[in-house]
Each structure stands twice: as structure tokens, then as C-alpha cells.
Amino acid sequence: MRSKAFLSLALAAGLALPAGEATPAKAARGRAPKAGETAVTVDYGIMLAGMPIGTAQVTGSVQGQRYTMDVSARLTGLVGAITGGYGSGRASGAVAARPVPAAFALSSHSASASITVRMALARGNVVASDIAPPLVPDPERVTVSEVHKRGVIDPVSALMMPAQGRVDLTDPQNCNRTIPVFDGASRFNVVLSYAETRSVQKPGYAGPVLVCNARYQPIAGHRADKPGVKFMEDNTEMSVWLAPVEGARVLLPLRIAVRTQLGLNIIEATRWAQTGHGAPETTVQAAAAQSPETPASGR
């Protein structure tokens, strides 16, 4: 599976987890948060058809109305040996009723290709973008027009979901949203709807999560006659679990599941670490124990 295909698959479930190295996100555990800042780092394991195929990491930081998001992942094992898939992405912007990105960058690599995407945005509208190498013109693709670049969210910012209005973070209303994603080449919607509320326990997080059903709606930049596009458009076996980030009024994915043509793809958190305002005391202590100033014994 090419890293670009893996990225598109993750986006279809509402999560942007490009295949890449897990290096940028380590910063949240290795430094003290700034005043008024809430930072979260989530490690993920990636499974396909019951087999582990990779790892990923997401770091989100919210300070006032500003946010930054770092995403990275790497395909491992046999899949990684064959594809060499890895990459990373970063986005920043403002937190409102939904993320309002200002900058987005993504670098994705595989044994057969490397892709770099950069976008600058203003008030949710793309003002500049670049893809290297450039896309090969394809008359079969639905044309991306300027209107498709307005009021959009980049794939990395799409990970962060602000609470709807003043409702509690675990209110079912927070599931019900449409995420208008533009990745520099294609425009699509991820439509989420409430399914249920569960109680989960993971290293660093224990509590309720919202389980949201997800649907994929292609808008532009895709080939309408491509079997993979039709498969994802008709796919009803997609879901995302959202966990609240106390102190920041946002939710982040704890798990996504997507039925693919190769089997069920699951990206699930293996560790959650939060620092700063609203962080549980035990989590703050654990993060401090891993900082450079306080080395853990045996390291």
C-alpha cells in the first residue's frame, strides 16, 4: 500500500494520519507547557485485517485561540519493508466553531514516490498551495475549482474537533458535524454522526468517548469511475472514537476503523499524555518524569 493511499484511507475516517516518522510529537512530553497552553500527545498502533502494519503519533497544542497539530506515522513489519512508507504533517491556525487553519504542510514517502504538499490559508480559504512533484493532468478527474478551496480544513487540522457551542465535551452533539477537507489535490467531506457513548481505559486516559459513524463524500479532484472511490463512497463501516481534551474544549480521535478492500483498518491509541491546563494530575506527573530535566531511572 503506498503512503499516499494510506493517507487517503485515514482521511476517509476523519483522521489524517500520514505514513511517517514519530519525531515531532515527542516535544509535548519533553517540555513544560507554556502559560495557558494545553498539549496532548497520542501514540497509535495501526492494524490492517488483524495484522499490525505501523505506528503513528499525534500532538495537539492549544494556547488561547491558537493551535498547532503535528502528525507522523511509519509503516512497519513486512508492509513497511516492502513500501518504505513514512511521512509527517503539520498545521496551525485558530480555534473557533471548527479549526480555521492558516498553514499546512505534509511530506509523504514510499519506495516508489515522495510527495510534498504546502498550503497557506486565510479565514479557511486557500490563498496559495504547492504540490511537488506536480500532479499529472487527468481529464477523468473532477475539476477542482476555486470555490472548492473556500471554507475548508486541511487534513491535519481535521483531527481536532472543537466542542459544539457550550455543550459538554461528551455531549452527543459533538459527533454531528461535516468536515470539509481539502488536501491540496482533492476536496471531500467527512460526515460524522453520533452512534453511542462508551467508557474506555488506555494508558494515560480513562473515561467516556463519543463513538461517531463516518461517511465519505467526494466533491472534486477524484475520478468518479474509479472502483476505490465508489467503494469508499458506499462504505458504511467507518467510525471514529473522540476523547475530550479537558481545558482546551476540543476532542481528539482515540480510535478510527475503516473497512477497506483489503480488510478492516484500525488506528487505535496505545498511549495518551496531556500536559497543561485541565490535565489530570497523574498525567502531568508522568509527563514531568519524562522531561530532560528529570531523567527516568535506567535511561
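Residues numbered from 1 in each chain as written. Predicted model: local features only at pLDDT ≥ 70, side-chain atom pairs only at ≥ 80, totals over all residues. Heavy atoms only, no water.

*Asks:* Looking at this model, I keep getting lost on the overall build of the protein. Mind explaining?
*Replies:* When helices and strands are tallied, the protein shows 5 helices and 14 strands. Within the protein, the fraction of its 299 residues that count as buried is 50%. At a minimum sequence separation of 6, the contacts of the protein that also span at least 24 residues come to 58%. (Helix = DSSP H or I, 4+ residues; strand = E, 2+ residues; numbered from the N terminus. Buried < 20%, exposed > 50% of the residue type's maximum accessible area, 1.4 Å probe, protein only. Contact = heavy atoms within 4.5 Å.)

*Asks:* Can you help me understand the environment of Tyr 194 in this one?
*Replies:* For Tyr 194, the position within the fold is in strand E10 (residues 187–202). Judged by relative accessible area, Tyr 194 falls into the partly exposed class, the value being 31%. For the pair Tyr 194 and Arg 177, spaced 17 residues apart in sequence, the C-alpha to C-alpha distance is 9.3 Å. For Tyr 194, the residues in contact, after removing those within four places along its chain, are Pro 172, Cys 175, Asn 176, Leu 210, Val 211 and Asn 213. A polar contact is formed between the side chain of Tyr 194 and the side chain of Thr 197, at a distance of 2.8 Å. (Polar contact = N/O pair within 3.5 Å; in protein donor to acceptor, adjacent residues only side chain to side chain.)

*Asks:* Help me understand the pattern of salt bridges in this model?
*Replies:* This structure, assessed with the given rule, holds 10 salt bridges. For Arg 141, the salt bridge is made with Asp 138, and the minimal N-O distance between the two is 4.0 Å. Glu 237 is the partner of Arg 259 in a salt bridge, and the nearest nitrogen-oxygen pair spans 3.3 Å. Taken together, the residues span a long stretch of sequence, with Arg 259 in strand E13 (residues 250–260) and Glu 237 in the loop between helix H4 (227–234) and strand E12 (238–245) at a distance of 22 residues. Residue Glu 237 is classed as partly exposed on the basis of its relative accessible area, which comes to 44%. Salt bridges here are not isolated pairs; linked through shared partners, they connect Asp 138, Arg 141, Arg 223 and Asp 225. (Salt bridge = Lys/Arg side-chain N within 4 Å of Asp/Glu carboxyl O.)

*Asks:* Please clarify how the state of the cysteines should be interpreted in this entry.
*Replies:* A covalent bond between the sulfur atoms of two cysteines is referred to as a disulfide. For the structure on display, the rule yields 1 disulfide. Disulfide pairing is shown between Cys 175 and Cys 212; the S-S distance is 1.9 Å. Every disulfide takes its handedness from the sign of the S-S torsion; for Cys 175 and Cys 212 that torsion is -85°, giving left-handed. On the criterion of sequence distance, the pair formed by Cys 175 in the loop between strand E8 (161–162) and strand E9 (177–182) and Cys 212 in strand E11 (residues 205–220) is long-range, its members being 37 residues apart. Just as Cys 175 is buried, Cys 212 falls in that class too. (Disulfide = S-S within 2.5 Å.)

*Asks:* I keep staring at the pairing of strand E3 (residues 66–75) and nothing clicks. Help me out?
*Replies:* Regular strands show a simple pattern: their side chains alternate between the two faces of the sheet. Summarising burial for E3: 7 of the 10 residues are buried, a large majority. Here strand E2 (residues 51–63) pairs with E3 via 10 bridges, running antiparallel. Residue pairing across strands places Gly 54 opposite Leu 75, the latter belonging to E3. If you look at the hairpin formed by E2 and E3, you'll find 2 residues sitting between the two strands, and Gly 64 has a positive phi there, around 65°. Examined bridge by bridge, E3 and strand E4 (residues 86–95) share 9 bridges and lie antiparallel to one another. Looking at E4, one finds that Met 69 is bridged to Ala 91. (Pairing = 2+ DSSP bridges.)

*Asks:* Is there a simple way to explain the side chain of Ser 186 in this structure?
*Replies:* Examined against the element boundaries, Ser 186 turns out to sit in the loop between E9 and E10. If we ignore the near neighbours within four places in the chain, the residues touching Ser 186 are Val 181, Ala 220 and Gly 221.

*Asks:* Got a minute to help me understand unusual backbone geometry in this structure?
*Replies:* What is expected of a backbone is that most residues other than glycine have negative phi and most peptide bonds are trans. Of note, the amide linkage connecting Ala 132 to Pro 133 takes the cis form, showing an omega dihedral of -5°. Structurally, the position occupied by Pro 133 is in the loop between strand E7 (125–132) and E8. Of note, Arg 123 is a non-glycine position whose phi angle comes to about 55°, a positive value. Within the secondary structure layout, Arg 123 lies in the loop between strand E6 (114–122) and E7. Judged by its relative accessible area of 74%, Arg 123 is exposed. One non-glycine residue, Arg 249, lies in the positive phi region at around 60°.

*Asks:* Any chance you could explain the confidence of the model for the protein here in plain terms?
*Replies:* The predicted structure's coordinates, where accompanied by low pLDDT, should not be read in detail. Mean pLDDT over the protein stands at 81; residues scoring 70 or higher make up 78%. Here residues 1–30 is a poorly scored stretch, pLDDT under 50, and it has 110 contacts once near neighbours within four places are set aside; other chains count. In this model residues 281–299 is a low-confidence stretch, pLDDT under 50, and it forms 16 contacts with partners more than four residues away in sequence or in other chains. (pLDDT = per-residue confidence, 0-100.)

*Asks:* Could you clarify how one ought to interpret the environment of Val 40 in this entry?
*Replies:* Following the sequence through the fold, Val 40 ends up in strand E1 (residues 37–48). The spacing of Val 40 and Trp 272 is 232 residues in sequence and 7.2 Å in space, taken between C-alpha atoms. Each residue touching Val 40, except ones within four places of it in the same chain, is listed here: Val 58, Thr 59, Gly 60, Val 245, Leu 252, Trp 272, Ala 273 and Gln 274.

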